[in-house]
Amino acid sequence: MLELHDAPLAPLTTFRLGGPATRLVTATTDAEVVAAVREADADGTPLLVIGGGSNLVIGDKGFAGTALRIATSGFDLVGTTLELAAGEVWTDAVARTVEAGLAGVECLAGIPGSAGATPIQNVGAYGQEVSATITEVIAYDRRAGETVTLGNEECAFSYRHSRFKADPERYVVLRVRFALEDADGLSAPVKYAETARALGVEPGDRVPLTQARETVLKLRAGKGMVLDAEDHDTWSAGSFFTNPILSDADFAVFHARVKERLGEDAVPPAYPAGEGRTKTSAAWLIDKAGFTKGYGSGPARISGKHTLALTNRGEATTEDLLVLAREVVAGVREAFGVTLVNEPVMVGVGL
């Protein structure tokens, strides 16, 4: 294992923000990951697990403890069964499944980060979520002190949530298994309306896998959601806030606030989210509350391509980012009575 002290963490995140770690360990095998976790737990040392760093907001003071960077590799495809090591680059893995002619994750192309993070966040975009294809997650259980295999139901997946996210100090993901589909080179049925429109098909239709992947990449790039070192609109964590899910009663109150603020003809986005629950759009809320694309005058601003992304324009600090995030949360709450929740994991800071 590679070990560094007083090691910068900002370069390991897509925000390029955050102070140093007391100690940074890079593990390239599952055994090294487990050994580093066990050592930290035995010593009572705080532990921060880092994969692709695409969902992290690290405080300017850094992390007083051991940061464990998981850099394991492994892409094992047998028939339609795929096993990925936690350190595999997710977007590369998606590209390889498309090349293999297998459907199920093609609309998750371009999402930055590592494979091990996908079950934690139940990563999803453009009508697909990893929970639909994950069969098992192999993880080190810090409480039990052993490696365990959790089936899909045991992972307790829900919108941008899972058992791993609910209990972040317990599990360290080592490998993820997926069941993909051989649809003769075609995608899974297209579910997302925006994707269907871009493809020129109806929801439920299938298209060639490469066409689905390329279309999603173009849609993401147009919103600054594909990493580009030269484009500060991509110096972000992608969507900074989750889409609010409201009870029927809360949605009715929200709907009334929308009409009061925007006029009787105003209709907010609404999507079924289970019995008695409706999901609305965080991006719509942010925009209608007055935080439009490019909002801000400091080193942290809303993306010029998408209101849901907060960005580092190159010289920002984490505190600059948090000041902007808090302003957005307060503004949306004042305008519509809805409290936005951050999607990235906060390390040493909070809203």
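Worth saying up front: this structure is predicted, and the values here are computed from it rather than measured.

### Considering the pairing of strand β10 (residues 134-141)
The buried count for β10 comes to six of eight residues, which makes it a mostly enclosed element. Two strands pair when backbone bridges link them, and β10 and strand β12 (residues 171-179) are joined in this way by seven bridges, in the antiparallel orientation. Looking at the pairing, Ile 134 lines up with Phe 178 of β12. Here β10 runs beside strand β11 (residues 146-151); their pairing, made up of six bridges, is antiparallel. Paired with Ala 139 across the bridge in β11 is Val 148. As consecutive antiparallel partners, β10 and β11 are separated by four residues, and within that stretch Gly 145 has a phi angle of approximately 70°, a positive value.

### Considerations on helix α9 (residues 318-336)
Taking 1.5 Å of rise per residue, 19 residues should cover 27 Å, and α9 covers 27 Å from first to last C-alpha, within 8% of that figure. The set of residues buried in α9 consists of Thr 318, Leu 321, Leu 322, Leu 324, Ala 325, Val 328, Val 329, Gly 331, Val 332, Ala 335 and Phe 336. Each element contacted by the buried residues of α9 is listed here: β4 (56-58), α7 (248-262), α8 (282-288), β16 (300-302), β17 (310-312) and β18 (345-347). Directly after α9, the chain includes Gly 337, whose backbone phi takes a positive value near 70°.

### Side note on the side chain of Gln 121
Relative to the assigned elements, Gln 121 resides in helix α3 (residues 118-121). A polar contact of 3.2 Å, which involves the side chain of Gln 121, links it to the side chain of Lys 165.

### Regarding the pattern of salt bridges
For the structure shown, the criterion picks out 17 salt bridges. Between Glu 83 and Arg 177 there is a salt bridge, and its shortest N-O distance comes to 2.6 Å. Here Glu 83, found in strand β7 (residues 81-85), pairs with Arg 177, found in strand β12; they are 94 residues apart in sequence, far enough to count as distant. Taking the shortest distance from any N to any O, the salt bridge between Arg 177 and Glu 136 comes out at 2.6 Å. On the criterion of sequence distance, the pair formed by Arg 177 in strand β12 and Glu 136 in strand β10 is long-range, its members being 41 residues apart. Several salt bridges converge on common partners, so that one network encompasses Asp 30, Glu 83, Glu 136, Arg 175 and Arg 177.

### So, the sheet that holds β12
What links the strands of a sheet is backbone hydrogen bonding, and the strands pair in either a parallel or an antiparallel sense. Read across the open sheet, the five strands follow the order β6-β7-β12-β10-β11; overall the sheet is antiparallel. Only two strands of the sheet have a single partner each, and these edge strands are β6 (75-78) and β11. Mean inter-strand twist for the sheet, computed between neighbouring axes without regard to direction, equals 15°. Inspection of the sheet shows β6 paired to β7 by four bridges, in the antiparallel sense. Residue pairing for β7: Val 78 is matched across the bridge by Thr 81. Strand contacts of helix α1 (residues 30-43): β10, β11 and β12, with the helix running at about 150° to β12, the strand carrying the most contacts.

### Digging into the nonpolar core
Within the largest apolar cluster, 35 residues are counted, with the highest numbers of intra-cluster contacts made by Phe 240, Phe 241, Phe 254, Ile 286, Val 328, Phe 336 and Leu 340. Looking at this core, the elements that each hand over two or more residues are α7, α8, β16 and α9. Counting residues per element, this core draws most heavily on α9, which supplies nine residues. Excluding its chain neighbours within four sequence positions, the residues that come into contact with Val 328 are Phe 241, Ile 286, Phe 291, Ile 302 and Leu 340.

### Considering unusual backbone geometry
Positive phi is not limited to glycine here, since Arg 16 has a value of about 60°. Examined against the element boundaries, Arg 16 turns out to sit in the loop between β1 (2-8) and β2 (20-27).

### Regarding the packing of aromatic side chains
Within the structure shown, the criterion is met by ten aromatic pairs. Geometrically, the ring pair formed by Phe 251 and Phe 254 is edge-to-face, given 5.6 Å between the ring centres and 70° between the ring planes. With Phe 251 and Phe 254 both in helix α7 and three residues apart, the pair spans about one turn of that helix. Note on Phe 254 and Phe 336: the rings are 6.1 Å apart at their centroids and 80° apart in plane angle, and the pair reads as edge-to-face. One end of the pair, Phe 254, is in helix α7; the other, Phe 336, is in helix α9, with 82 residues separating them in the sequence. With respect to burial, Phe 254 and Phe 336 carry one shared label: buried.

### Looking at the side chain of Asp 233
By the secondary structure assignment, Asp 233 is in the loop between α6 (209-222) and β13 (245-247). Here Ser 303 takes part through its side chain, which lies 3.2 Å from a polar atom of the side chain of Asp 233. Among all residues touching Asp 233, those that are not within four sequence positions of it are Gly 224, Ser 303, Gly 304, Lys 305, Thr 311 and Arg 313.

### Side note on α1
With 14 residues, α1 ought to run about 20 Å at 1.5 Å a step, and its terminal C-alpha atoms sit 20 Å apart, in line with that. Every buried residue belonging to α1 is among Val 33, Val 34, Ala 36, Val 37 and Ala 40, and all of these are buried. Axial view of α1: buried residues confined to an arc of 165°, hence all on one face. α1 presents Ala 31, Ala 42 and Asp 43 as exposed residues on the side facing more than 90 degrees away from its buried surface. In this fold, the buried residues of α1 make contact with β2, β3 (47-50), β5 (63-70), β10, β11 and β12.

Reading the values: rules and limits
- Residues numbered from 1 in each chain as written.
- Predicted model: local features only at pLDDT ≥ 70, side-chain atom pairs only at ≥ 80, totals over all residues.
- Heavy atoms only, no water.
- Buried < 20%, exposed > 50% of the residue type's maximum accessible area, 1.4 Å probe, protein only.
- Helix = DSSP H or I, 4+ residues; strand = E, 2+ residues; numbered from the N terminus.
- Pairing = 2+ DSSP bridges.
- Expected span 1.5 Å × (residues − 1).
- Contact = heavy atoms within 4.5 Å.
- Polar contact = N/O pair within 3.5 Å; in protein donor to acceptor, adjacent residues only side chain to side chain.
- Salt bridge = Lys/Arg side-chain N within 4 Å of Asp/Glu carboxyl O.
- Axes fitted to C-alpha atoms, helices over the stretch in contact; angles between N-to-C directions.
- Core = buried A, V, L, I, M, F, W, Y, C linked by side-chain atoms within 4.5 Å.
- Phe/Tyr/Trp six-rings, centres within 6.5 Å; stacked < 30°, edge-to-face > 60°.
- Arc of directions from axis to C-beta.

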